[in-house]
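Architecture at a glance
Spelled out from the first residue to the last, the chains are:
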Amino acid sequence: MEDEPEVPELLIRRSNRPRVQMKAFDVQLRDIVESGGEESGDDVEQSNRKPKRNRATEAAPSNTTTASAHNLTEVVKRNGKLIPRVVKLWVEQYEKNPKPAMVELLTMLFETCGATYRIHEELLEENNVDDVVVALVNLAAEGRVEDYQSSKKKESRIFKENLVSFWDNLVSECQNGPLFDQVLFDKCMDYVIALSCTPPRVYRQVASLVGLQLVTSCMGAAKICGAHRQTTQRQLTDEKKKTSEGDRVESLNKKLLETHKKITMLEEMIRKIFTGLFVHRYRDVDPEIRMSCIQSLGVWIVSYPSLFFQDLYLKYLGWALNDMSADVRKASILALQNVYDVDDNVTSLGLFTERFFKRMLDLAEDIDTSVAVSAISLVKQLLRHQLVSDDDLRSLYDLLIDDPPEIRRAIGSLVYDHVIAQKFNSSLSRSSGDEGDRSQIHLLRMLKFIREFSTDEVLSFYVIDDIWEFMDAMKDWKRIICMLLDENSTVELSHNDATNLTRLFSASVKKAVGERIVADADHRKQNQTKAQREMIESSRKDITVNMTENYPQLLHKYMADKTEVPSLLKIIVHMNLELYSLKRQDQKFKTVLQLVKETFFIHGDKDVLRSCVYAFDYCINGSCGELQDFAQNKLKELEDELIAKVKAAIRKIVDGDDPHLLLVNMKRLYELQLKRAVPIESLFDDIIMVVKNFPNINHEVIGFLLLNLYLHIQWHLYSITNNNIVSEASLSSLISKRDALFYELNNFLQILSETRGKESSGNLLASRVCVVLSDLWVLFRRSNLASTNLERLGYRPEISTARKFWKLCEQQLEILDETEDEDANKEYVEETNGEAIVVAATKLVANGAIPKEYLAPDIVSHYVMHGTSVAEVVEYLIVCIMKKDDDVSDIFLDALKKAHERYLSAASTSNDNLMMAKRLDECKDLANRLHGYFVGDFARDKYNTMILKIVKQGVEYAFMDAPRRLSFLTCAVISFTSKLLKSDIIDILKNVQDRTANVNTDEDPSGWRPYMTFVDKLREKSLKHDDEKEGMSVKRRGHPCKEQNIEGKKLFDEKSSSEEVDDEISDAQNDEDQVDEDEDDQVDKQGQGQTTSEPLEECEALVKIGGC
């Protein structure tokens, strides 16, 4: 028939002799399949399906061998539970009539490879393995192969498991006969090795799977024979003690010799497959095959060390550590973990460890997270055997602050085992005093590690978070409190250790109640199970019980220390305050609140003040009854006292005293107003007076005065909007306050935009003015208040004021770029840095407070100038604009013009070549970023009009002042031309050339060079369009198929070997690899690449075994 594979005639001639035994076997096998299909619901569904038969099978229904083989294949594909029974039946048939059974087995092997192929049993011995394999390769070239490996994931997994199980059962069932007849398995191994060296990937996958399992199964048989040999040897020794001769001794000697001979034969079979299959396939182009080889080798080394536990085989695991595939590297690491897990192996691994342990350490920083985590576990094993020094580990400790949390947890486990618990050094872990108080010892070691690791608070939180789940001492609240209160005279904490211990205490409490102490990259909300919630409540109760008695003492001892008291104050927000009432500890609660209030007025630092405010707020909302009333009254006392202190500080300013007292109280008021409304109506006019009459006092003081005025107005507006009835007096008061603040802000805007200095306080005030002014404009924007009873509150700044605002913003961005490192550790830097400035400007456009045409191009022009954080804000703005308005061409073009004008300004006013190059690169980078929003065929069709507009108007802008502005063509416009159609490119090219028709460009060659470059690029792009169009009509993937009528090379004669064939395959694969590398330039810098070239197309890049 048309689809029947072409097979040599001598291989398909059938004998007329009856096949009674094979027919009986076929009936039995069919009965097993049908009965086995009734064992379970899933099996019923599978077995009741009629297997698909190819046309060759339908044409020869009397072919019992093919039918039986087909049933074997169906069992492997779908009925794994029947494999032991089917294998046992097949072995019985083989022992009765070997040839037809072997033909059936080989046919099943070919079918599991996806090829339908028949061998005549009479010619089984005459057939050459190489000729059969060539015929099978030709079938693959003709596309007549079914790939079971590429089926659905579950089906593929079941197929692999069943195939492995079949050959494992076959070896097990043949242990008492056919396994050692040197016929059955020799023939099978010849075909498996030959198929593993063929180009079709499916052949290599199946053959490798079968060959590797044969080695594993033969090792199992050899181990059984080895156990029998030991038993026989022991019996022989005992018998010889009785008599040196006799039938019993002779029988045991004979049995011992036979067993040894079997083991020798099995090891020869193992070596044959290893040298014929593994040695070539461990470097196969398919990473799955390489991974299978390495996984199997790991099993062999551990399971059969007498043969495989030597450097001759271990080296393959070491080499695989540098594999391009992450799965292969991970497989090698897991295999080595099993090897090092056996203590008796360590002494023999000296040379291997010395050669490869550096690579094992490097893999802890692998680009693949799972590989890195596995490598860290391997390093822990090396530490357990004391094969790695502490100096080699120091670089790994930096991974405690790495991005992937899995790596941080793995390193945290290593640090705990090695540094804290010291599990790998029994002499230190059992020194005197350790057994008495393990928690205290672990905590002291933890404090020492944090002290030596970093003094930065954020980094210390990373360390605590990484080790927390492994270190029970961090949850020993009693021990931590005792150490902080110095109840143990044998331990005296230094100031740094006390600070770190309070931070550890606070972070551990936060972790215990289910909150994060290190933010995840995705910021996803944690979903907790019922059991987790119950555990959290239990921890919260335990924390509260332990803190109830000791909290006042801790606050009293550390309230004067600004580095330690914030951490202690943060603990109260994680406590169950109801327990104070239930346990009748009201006085303790009141004492804590009094101490919090005293701490608030002792300090003027941001962390302490914010912690006090949060503690007060939680005590009011988290308590109930009498305790809640007490907390509210105590807060009212704090507010009254603070207002009195502010008034006193203002009087001192009027009297000419130092403004420090006013600054501290303004910070306190600011932190309080961030959380709740404070009645400062009586202070508003006094604050305005200070701002107006004393503008030259400390600029930081002025900044906090403006912030407090804004927050008061914000709370005032909030109270009005929440009231159903709006009084005229309230509205008039709010408008008066708003206008007064606007007046002062506009004055500062005028003054600061005309001066540019690098004084830190002046920069701080300028940033504050920008942020407050933006927030105020957004708060009272007309679009938000229109059509409401508060419409008269609507406000929109004049365009001139908006321009002054942006001028000050640009001035601040330039200054902050220069002083960024100096201001990094200052308080409130996150409210005054470059990101805050850009956010302030972006809010105006995003919320419609200012029309986007006036400010959006200026903001977008700074897209690439100030780092990642600012770029993310600009990206947000662009997305918002594109959602509201499809046409962004004017904004993009104006932004590019402004970036180019900065370059021209630098070129004309400065001789600094570095600055000129920087500005030019910024313009190019901006163009690349902006044209990225038009990526994709859909985007090109949708935005083609906008792209064309940007290009045409960009050309117009460039020629308005030629040749001075011509560089705009190459640094901005050229990026967008790649999105244009060929007809548009030709029109642009003609337009540009027409503009220079009457111009002598040779008068200024350097000035007109950008024009020449631009024209050349347009011509290249137009030609490229032609090439692509022509290529699409004739392009065909892969290499053309070659002639198939080639005589096969002898794989197993004296002048050829499987390695020669493998080399030919490797050469062809290397050629294909080179093509892939040219197209995809993604190689890991440390030799840990993520990608490997795709295997050859099965029929397009097929390499003939017979040579070309």
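Above this text sits the structure in question.
Here the residue numbers are simple positions, counted from 1 along each chain's written sequence. Totals for whole chains, interfaces and linings use all residues, but because this is a predicted model, local features are given only for residues with pLDDT of at least 70 and pairs of side-chain atoms are given and counted only at 80 or more. Remark: hydrogens and water are excluded; side-chain values derive from all non-hydrogen atoms of the structure.

1. Observations concerning the overall build of the chain
What the chain contains, in helices and strands, is 47 helices and zero strands. To sort residues, take the accessible area from a 1.4 Å probe on protein chains only and compare it with the maximum for the residue type: under 20% means buried, over 50% means exposed, and anything in between is partly exposed. Among the 1108 residues that make up the chain, the fraction classed as buried is 51%. Here, residues are in contact when the closest pair of their heavy atoms is within 4.5 Å. A separation threshold of at least 6 residues defines the contact pool for the chain, and within that pool the share at least 24 residues apart is 75%. Here a helix means four or more residues in a row that DSSP labels H or I, a strand means two or more in a row labelled E, and each is numbered from the N terminus.

2. Considerations on helix 12 (residues 287–303)
Compared with the 24 Å implied by 1.5 Å per residue over 17 residues, the 24 Å span of helix 12 between its first and last C-alpha is a close match. Restricting attention to buried positions, one finds in helix 12 the residues Ile289, Arg290, Met291, Ser292, Cys293, Ile294, Ser296, Leu297, Gly298, Trp300 and Ile301. If you follow the buried residues of helix 12, they end up packed against helix 10 (201–242), helix 11 (247–281), helix 13 (305–308), helix 14 (311–320) and helix 15 (326–340). Under this definition, polar contacts are N or O atom pairs within 3.5 Å; protein pairs additionally need one hydrogen-donor-capable and one acceptor-capable atom, and for neighbouring residues in sequence, both atoms have to be side-chain atoms. Of the residues that open helix 12, the one with a side-chain oxygen 3.0 Å from the backbone nitrogen of Glu288 is Asp286. Between the first and last residue of a helix there are one fewer steps than residues, each counted as 1.5 Å, and that sum is the expected span.

3. A short note on the nonpolar core
Nonpolar side chains in soluble globular proteins generally cluster together in the buried interior. Among the buried residues, those of types Ala, Val, Leu, Ile, Met, Phe, Trp, Tyr and Cys that are joined through side-chain atoms within 4.5 Å form a nonpolar core. If you look at the biggest cluster of nonpolar residues, it comprises 323 residues, and the most contacted ones within it are Trp167, Phe308 and Phe505. The biggest single contributor to this core is helix 10, with 14 residues. Contact partners of Trp167, with chain neighbours within four places excluded, come to Leu105, Met108, Leu109, Cys188, Val210, Leu214 and Ser217.

4. Digging into the pattern of salt bridges
A pairing counts as a salt bridge when a side-chain nitrogen of Lys or Arg comes within 4 Å of a carboxyl oxygen of Asp or Glu. Taken as a whole and assessed by the stated rule, the structure comprises 56 salt bridges. Linking Asp465 and Arg409 is a salt bridge whose minimum nitrogen-to-oxygen distance equals 3.1 Å. Placement of Asp465 in helix 22 (residues 457–467) and of Arg409 in helix 19 (residues 405–420) is noted, with a sequence separation of 56 residues between them. On the accessibility criterion, Asp465 (3% relative accessible area) is buried. The class for Arg409 is partly exposed, based on a relative accessible area of 22%. Among the ionic pairs, Glu827 bridges to Lys667, the shortest N-O distance being 3.0 Å. In this pair, Glu827 sits in the loop between helix 37 (799–819) and helix 38 (834–846) while Lys667 sits in helix 31 (residues 660–675), placing the two residues 160 residues apart along the sequence. By relative accessible area, which is 32% here, Glu827 ends up partly exposed. The buried category is assigned to Lys667, whose relative accessible area is 10%. Here the residues in one salt-bridge network are Arg408, Arg409, Asp465, Asp466, Glu469 and Lys511, joined through shared partners.

5. Things to note about the packing of aromatic side chains
In summary, the pairing rule links any two rings of Phe, Tyr or Trp, Trp by its six-membered ring, whose centres are within 6.5 Å, and it sorts them by plane angle into stacked for under 30 degrees, edge-to-face for over 60 and tilted for everything else. Under the counting rule described, the total for this entry stands at 37 aromatic pairs. Taking the centre distance of 5.5 Å and the plane angle of 65° together, the rings of Tyr580 and Phe589 count as edge-to-face. A relative accessible area of 1% means that Tyr580 is categorised as buried. Residue class for Phe589 comes out buried when judged on its relative accessible area of 1%. Note on Phe892 and Phe934: the rings are 5.9 Å apart at their centroids and 45° apart in plane angle, and the pair reads as tilted. Highlighted residues: Phe892 in helix 41 (residues 889–909) and Phe934 in the loop between helix 42 (913–931) and helix 43 (937–960), separated in sequence by 42 residues. Assessed through its relative accessible area of 2%, Phe892 is described here as buried. Relative accessible area serves as the criterion here: at 0%, Phe934 is assigned to the buried category.

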